[in-house]
Structures are given as C-alpha cells and as structure tokens.
Amino acid sequence: EPEVTQTPSHQVTQMGQEVILRCVPISNHLYFYWYRQILGQKVEFLVSFYNNEISEKSEIFDDQFSVERPDGSNFTLKIRSTKLEDSAMYFCASSDWGTTEAFFGQGTRLTVV
Amino acid sequence: AQSVTQPDIHITVSEGASLELRCNYSYGATPYLFWYVQSPGQGLQLLLKYFSGDTLVQGIKGFEAEFKRSQSSFNLRKPSVHWSDAAEYFCAVGARGGADGLTFGKGTHLIIQP
C-alpha cells in the first residue's frame, strides 16, 4: 500500500539553527501539506502546496517557514531560525485531486534545545 | 471560522464494551468530516470519512460514524472494543477541493481496561 514517508523520524537542533524536514508524498497525489502537533495539543494545519506553489497557509506559517518541492518526489519544510516553541511533531500529508482525504506520514519529532 | 470540539479528553472503556466518541463541528459550508487514529509514537491513520450520501459511514477496524447535520455532530462508534484500540482519536473537518487544510479537534485519549 502506498504511503507517505518522512525523514528523519527525530531531529534535535539548537535554537537559531536551520532545519529541513523531508517528505516523500504518495506518487500520484497532487496536494501536499504540512501539519504540526505540539506535545499534548491538537494537530494544526501549516500549509498546503499544489502545482508548485503554496495554496493556503495558516497564521502559524510565518516568514521563518518555507516549503519546496525540489524534484518530482520530495516535499520539504524548512524552518530558517528555529525557536524553542518550534519543538513539535511535524506531519506531512498528501491527497489526490478532488478529495480532502489526506494520507499522513509517521511524522518528524523536532526538538529545539 | 471552522472548529471541531471533542468534549471528552479521556475515555476509559472495558475491553468488549461499546464505545462512542463525540465530535461536534462548526463549519460554514457543507463539511467533509474525518476520524483519524494515532497510536503512541505513530502517525495519523484515517479511520473513516463522510463526504455525502448515507449519513452512517463504515470505516476500518470495525468503526462507524454517524453524521447528524441538525446536531452538527459526527460521533464515532464501535460495538466492542479491543485492547489494541487504545490510542488517541481525532475528529477533523475540511472543505471540498483539497487546498484547504483540515481543522482538527483536540483529540480523545481512549484507555481500554482489561
């Protein structure tokens, strides 16, 4: 069964450093998403990406965040200068055209120290 | 703005007993509704979804949910729970089209007693 894969599963970084979280969406999907889940809280939408550009973004997705699809398979989330409050589980998801049924990856746990 | 309320933070159920997890939503248009399950240290797995049609939808692992427009609810049910059902359950609402993200509830932590 096709799945969304994310790497790494866990990343520890120092405050102020840049991190790139990587995702390989399901191959025939067209929409890609990043979500965030701070420990003990709900899953929050960050951004959606379609046709090589951002479709929607939440107020959480400020200038320190960026997304990119550098090739035909990867989808990345970059955090330019990490803060302690960026510590969270980050989920990548993808969906097919015409539906919002999103398939989620296993997540990357980001710890900022 | 859309929102999802899951009023129960924790629910404890005995193995073999029935289960109902509550979900209420607020949404300006026709909602697309989902239930996801998250086991410890795992990602989100889709249990079931409602887009249109029959308001009682069947999902994986023996779960079902009923959409009630008049009550703005989408409660998840299972007739007989198994110890492996212990997990975090999230209700979510979204719009048709795919570009908008899903809005999730805060989740219900399900504990199964032997």
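See the structure printed just above.
Residues numbered from 1 in each chain as written. Chains lettered and ligands numbered in written order. Predicted model: local features only at pLDDT ≥ 70, side-chain atom pairs only at ≥ 80, totals over all residues. Heavy atoms only, no water.

### Quick notes on the overall build of chain B
Keep this limit in mind: Only runs of H or I of at least four residues qualify as helices and only runs of E of at least two qualify as strands under DSSP, and these elements are numbered from the N terminus. Think of it in three bands: residues with accessible area under 20% of the maximum for their type are buried, residues over 50% are exposed, and the middle band is partly exposed, with areas taken using a 1.4 Å probe on protein chains only. Pairs of residues are marked as contacts when any of their non-hydrogen atoms sit within 4.5 Å.
Counting secondary structure elements, chain B contains zero helices and twelve strands. Taken from the N to the C terminus, the helices and strands of chain B come in the order β-β-β-β-β-β-β-β-β-β-β-β. Principal-axis analysis of the C-alpha atoms gives chain B an extent of 40 × 30 × 25 Å. The buried share among the 114 residues of chain B stands at 49%. Once local pairs closer than 6 in sequence are excluded, the contacts in chain B between residues at least 24 apart make up 53%.

### Some remarks on the nonpolar core
As a reminder, the rule being used: Throughout, nonpolar core names a set of buried Ala, Val, Leu, Ile, Met, Phe, Trp, Tyr and Cys residues whose side chains join them through atoms within 4.5 Å.
In this structure, Leu19, Trp35, Leu47, Leu48, Phe74, Leu76 and Tyr89 of chain B are the most contacted members of the largest nonpolar core, which totals 28 residues. Of all the elements in the fold, those that place two or more residues in this core are strand 2 (10–14), strand 3 (19–21), strand 5 (32–38), strand 6 (44–50), strand 8 (64–68), strand 9 (73–78), strand 10 (87–94) and strand 12 (108–113) of chain B. Of all hydrophobic cores here, the second largest spans 22 residues; its members include Cys23, Trp34, Phe65 and Phe75 of chain A.

### Focus: the sheet that holds strand 3 (residues 19–24) of chain A
All names here are of chain A. Counted only if it meets this: Should DSSP find at least two bridges between two strands, the strands are taken to pair. Lines fitted to the C-alpha atoms define the axes, with helices restricted to the stretch that makes contact. Angles between their N-to-C directions range from 0 to 180 degrees.
Pairing within the open sheet is antiparallel, and its four strands lie in the order 1-3-8-7. Pairing within the sheet leaves two strands with one partner each, and these edge strands are strand 1 (5–7) and strand 7 (65–68). On average, each strand axis in the sheet is tilted by 20° relative to the strand beside it, whichever way the strands run. For strand 3 and strand 8 (residues 75–79), the ladder comprises five bridges, and the chain directions are antiparallel. Opposite Cys23, over in strand 8, you have Phe75 as the bridge partner.

### Overview of the interface of chain B and chain A
Put simply, the test is: Accessible surface is computed with a 1.4 Å probe, and the buried area is the amount of it that two parts give up when combined, taken over both parts together. Whenever Lys or Arg places a side-chain nitrogen within 4 Å of a carboxyl oxygen from Asp or Glu, that contact is recorded as a salt bridge. Charged residues are taken to be Asp, Glu, Lys and Arg, nonpolar residues to be Ala, Val, Leu, Ile, Met, Phe, Trp, Tyr, Cys and Pro, and polar residues to be all remaining types, Gly included.
On the chain A side, the residues contacting the 22 residues of chain B number 18 residues. Buried area between chain B and chain A, summed over both chains or domains, comes out near 1800 Å², and the portion from carbon and sulfur atoms is 55%. Connecting chain B to chain A are one salt bridge. Among the ionic pairs, Lys49 of chain B bridges to Glu101 of chain A, the shortest N-O distance being 3.0 Å. Put simply, the parts of the chain that give the side of chain B that touches chain A at least two residues each are strand 5 and strand 6 of chain B. For the side of chain B that touches chain A, the leading source of residues is strand 5 of chain B, giving four residues. Partitioned by chemical class, the residues of the side of chain B that touches chain A number eleven nonpolar, seven polar and four charged.

### Let's talk about the packing of aromatic side chains
Residues and elements named next belong to chain A. This is how it is decided: Working definition: rings of Phe, Tyr and Trp (its six-membered ring) pair if their centres are within 6.5 Å, and the pair is stacked with planes under 30 degrees apart, edge-to-face with planes over 60 apart, and tilted otherwise.
Summed over all chains, the structure comprises 21 aromatic pairs over all chains. Centre to centre, the rings of Phe49 and Phe75 are 5.3 Å apart; their planes meet at 40°, and the pair counts as tilted. One end of the pair, Phe49, is in strand 5 (residues 43–50); the other, Phe75, is in strand 8, with 26 residues separating them in the sequence. Exposure class is identical for Phe49 and Phe75. Each is buried.

### With respect to the state of the cysteines
All names here are of chain A. Which entries qualify depends on this criterion: Two cysteine sulfurs form what is called a disulfide whenever their separation falls within 2.5 Å.
As enumerated under the stated definition, the model contains two disulfides over all chains in all. The disulfide bridge from Cys23 ends at Cys92, spanning 1.9 Å between sulfur atoms. The S-S bond linking Cys23 to Cys92 shows a torsion near -65°; that makes this disulfide left-handed. With a gap of 69 residues between them, Cys23 in strand 3 and Cys92 in strand 9 (residues 88–95) connect regions that are remote in the sequence. With a relative accessible area of 0%, Cys23 lands in the buried category. The exposure class assigned to Cys92 is buried, which follows from its relative accessible area of 0%.

Fair warning: the whole summary comes from geometry, so function is off the table for now.
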